[in-house]
Every structure is written in C-alpha cells, then in structure tokens.
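# Topology and contacts: notes
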Amino acid sequence: MKMGLTLLVLPALSSLLLAAAPADELRLEPLREAIISDARTADPATIAFDRTTTAVRRGPGIKEKTVTVERWDGKRWSLLSVNGNPPSANHLKTFRKATAANPVPGYHRMASLLAAASNVTVDSDGRKTLTIPVLPAGTVRTDTGDISSHLSGEAVIASNDGKPYVARLKVRARENFKLNLLIKVTNFEQISDYRLGPDGRPRLASQSADSKGSMFGFVGGQTDEVVYAYR
C-alpha cells in the first residue's frame, strides 16, 4: 500500500516542480532566435557528405526496395549508384529534377523552419520542445509538389555548453491530403536526427520517413531510411 501511494505522489510532485520552473526558461523568443541565429551560420557550401537512402515501397502484391547513394560536394550533387549499380539515364533524370527542386538538407534549414515556431513546452523527459503548427512553404516537397502546408512539426532541443540546438525534428501530417489528383495521403511522418560534429556544431545525421495512402481503393505506402556520412 505504501508503494502504491509513493507512485501516485511522485507524478504530482514532478508536475509541481515543472510548474515552479522560472517563466524565463520557457520564453519562446530567446530560445527560437538563438537557434535561428546559429543555423544561419551553417553554410551548406562548407560541408560535403554522402547520402544513402534505403526506400521500401509497398502496395498490393508489391514490395520494392531501392538503395540510392548520392554525394554533395559543397557545390553540386552527383548520383553515385542505384542498388549498387551505375545510375541509368532515367535515374539521372529523376535525380536532377529532385535535387533542383529541393534545398540541400542540413542544419542551416532550421533558420527558416523555426521562424514558424509558435510555442515552447517541456516534454515528459524534461526536454524543451518548439511547436511548429504549419511548416513554411518549401520545407517538404515531393516529386509532384510542395506538401508543407499539410504538415506540422516539433523540434526537440538539446544543449551544448549552454548553447541550444535542435537534436530531433519530428514532422507529421496535420490532416489527410491529396498528393495529386489520384493519391490520398492518410499518414506521413518524418524524423530527422542531428548530432554534434567534431567542431561541436550540429549536423544532420539521419532521417526516417513513413507514408501511407490510397489510390483507386488500393492502399500502399513507402518507408525511407537515410544516413549521412560526412567527408
């Protein structure tokens, strides 16, 4: 009986401690502006990396796996391989279209993304999180267009020598939406993890994404796992 009482009291005590936290610690503006200011100094022209994407597409009677390796050298993209083989002309055409339409991934993108953050809270693990009700235009694009307005985000904040940075960005669908005239997306979630590099600055380490949808009554989806290796 005493054990049960203790377990009930501890969450209540935790809530009281959170409520008693100084109001300044949960002010949106200083936290958001500190991260934005730091992100603006992260120039994609100063980094080089290989990006390996493992995509699994699912549908009725279909399970297709594709492994793509791409390289960013600080100036331009190149497609190294698709499923371990040199890319075909069709692969190169799709690759050039996708890289032309999308900005180079990296921590620098936090500058525009967090400008839309509207609230700061503390999660169950005691970490500060910034809430983004609607992603800014151009944040997430597909091969058919910009889907940012259908998505919301949550940035989990960590600290390095007292300096805040985004350790994880979670993006998910706010609603069901049409990807084009045929496909209805019923679920979309993407998680991006950031790690400190040798210079102590955060950089994009990995991403995972899961999407589900339907077309003509058939349900399908795709899972992507992305790893960044810096050079």
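This one's a predicted model, so the numbers in the text were calculated from it and none came from an experiment. Throughout this document, residue positions are counted from 1 along each chain, in the order its sequence is written. It should be noted that, the model being predicted, local features are given only for residues of pLDDT at least 70 and side-chain atom pairs only at 80 or more, the latter also being counted only at that level, while totals for whole chains, interfaces and linings use all residues. Water and hydrogen atoms play no part in the side-chain values, which are based on all heavy atoms of the structure.

A tally of helices and strands in the protein yields 4 helices and 13 strands. For the protein, buried positions account for 34% of its 231 residues. Should any heavy atoms of two residues lie within 4.5 Å, those residues are considered in contact. Long-range contacts, defined as pairs at least 24 residues apart, comprise 47% of the intrachain contacts of the protein with a sequence gap of at least 6. Each accessible area is a Shrake-Rupley estimate made with a 1.4 Å probe; only the visible protein chains count as cover when residues are assessed. With an accessible surface of roughly 13700 Å², the protein has 56% of that area assigned to carbon and sulfur atoms. Helix and strand definitions here come from DSSP, where helices need a minimum of 4 consecutive H or I residues and strands a minimum of 2 consecutive E residues; each element is numbered from the N-terminal end. When a residue's accessible area, from a 1.4 Å probe over protein chains only, is under 20% of the maximum for its type it is buried; when over 50% it is exposed; and in between it is partly exposed.

Right, let's talk about the pairing of strand β5 (residues 128–132) for a bit. Here strand β4 (residues 119–122) runs beside β5; their pairing, made up of 4 bridges, is antiparallel. Bridged to V120 within β5 is L130. A pair of strands is considered paired only if DSSP assigns at least 2 bridges between the two. The loop that links β4 with its antiparallel partner β5 comprises 5 residues; one of these, G126, has a positive phi angle of about 80°.

Another point: helix α2 (residues 28–40). Helix length check: α2, at 13 residues, gives a terminal C-alpha distance of 18 Å against a target of 18 Å (1.5 Å per residue), a fit within 8%. Among the residues making up α2, those that are buried are L28, L31, R32, I35, I36, D38 and A39. Each buried residue of α2 sits inside an arc of 165° when the element is viewed along its axis, so together they form one side. Elements that come into contact with the buried residues of α2 comprise α4 (110–113), β4, β5, β8 (151–160), β9 (163–173) and β12 (202–215). The length a helix should cover is 1.5 Å for every residue beyond the first. Directions pointing from the helix axis toward each C-beta atom define the arc.

A few words now on the nonpolar core. Membership of the largest hydrophobic core comes to 39 residues, with the highest contact counts inside it found for M110, L114, L130 and V166. At the level of elements, α2, β3 (77–82), α4, β5, β8, β9, β11 (184–196) and β13 (218–230) are the ones that each hand at least two residues to this core. Throughout this description, the term nonpolar core refers to a set of buried Ala, Val, Leu, Ile, Met, Phe, Trp, Tyr and Cys residues connected via side-chain atoms within 4.5 Å.

Mapped onto the elements, I183 comes out in the loop between β10 (177–178) and β11. The class of I183 is partly exposed, set by a relative accessible area of 26%. Separated by 35 residues in sequence, I183 and F218 place their C-alpha atoms 9.8 Å apart.

Attention now moves to the environment of N176. Along the chain, the position of N176 falls in the loop between β9 and β10. Along the sequence, N176 and N187 sit 11 residues apart, while their C-alpha atoms lie 7.0 Å from each other. Once residues within four sequence positions are removed from consideration, N176 is found in contact with K184, V185 and T186.

Now for the side chain of D50. Here D50 shows up in strand β1 (residues 49–59). A distance of 2.6 Å separates polar atoms of two side chains, one belonging to D50 and the other to R71. Excluding residues within four positions of it along the chain, D50 makes contact with E70, R71, L80, V227, Y228, A229 and R231. Polar contact is defined as a pair of N or O atoms within 3.5 Å, subject to the rule that within protein one atom must be able to donate a hydrogen and the other to accept it, and that residues adjacent in sequence are counted only when both atoms are side-chain atoms.

Quick look at the confidence of the model for the protein now. For every residue, the predictor reports its confidence as pLDDT, a number between 0 and 100. Residue-level pLDDT values for the protein average 88, and 89% of them are 70 or greater. Highest mean pLDDT in the protein belongs to β3 (98); lowest belongs to helix α1 (residues 2–19) (42).

Moving on to a nonpolar patch on the surface. Residues forming no salt bridge and having over 30% relative accessible area are the ones grouped into patches, like charges within 9 Å of each other and nonpolar side chains (Val, Leu, Ile, Met, Phe, Trp, Tyr) within 5 Å. Note on definitions: salt bridges are taken to be side-chain nitrogens of Lys or Arg within 4 Å of carboxyl oxygens of Asp or Glu. Where nonpolar side chains cluster on the molecular surface, the patch consists of L181, L182, M215, F216 and F218 and spans about 600 Å² of accessible area. Classification of L181 as exposed rests on a relative accessible area of 81%.

What follows covers unusual backbone geometry. Positive phi outside glycine occurs at N83, with the angle close to 55°. In this structure, N83 sits in the loop between β3 and α3 (89–101).

Our next topic: the pairing of β13. Relative to β13, β1 is paired through 10 bridges, and the arrangement is antiparallel. Paired with T53 across the bridge in β13 is V226. Turn length for the β12-β13 hairpin, with the two strands adjacent in sequence and antiparallel, is 2 residues, and the turn residue F216 shows positive phi of about 55°.

So, about the pattern of salt bridges. Scanning all chains against the criterion turns up 14 salt bridges. Residue R32 is joined to E33 by a salt bridge in which the shortest nitrogen-to-oxygen separation is 3.7 Å. Overall, R32 belongs to the buried group, its relative accessible area being 10%. Given the relative accessible area of 34%, E33 is considered partly exposed. Between K212 and D210 there is a salt bridge, with the nearest N and O atoms lying 2.7 Å from each other. Several salt bridges converge on common partners, so that one network encompasses E29, R32 and E33.

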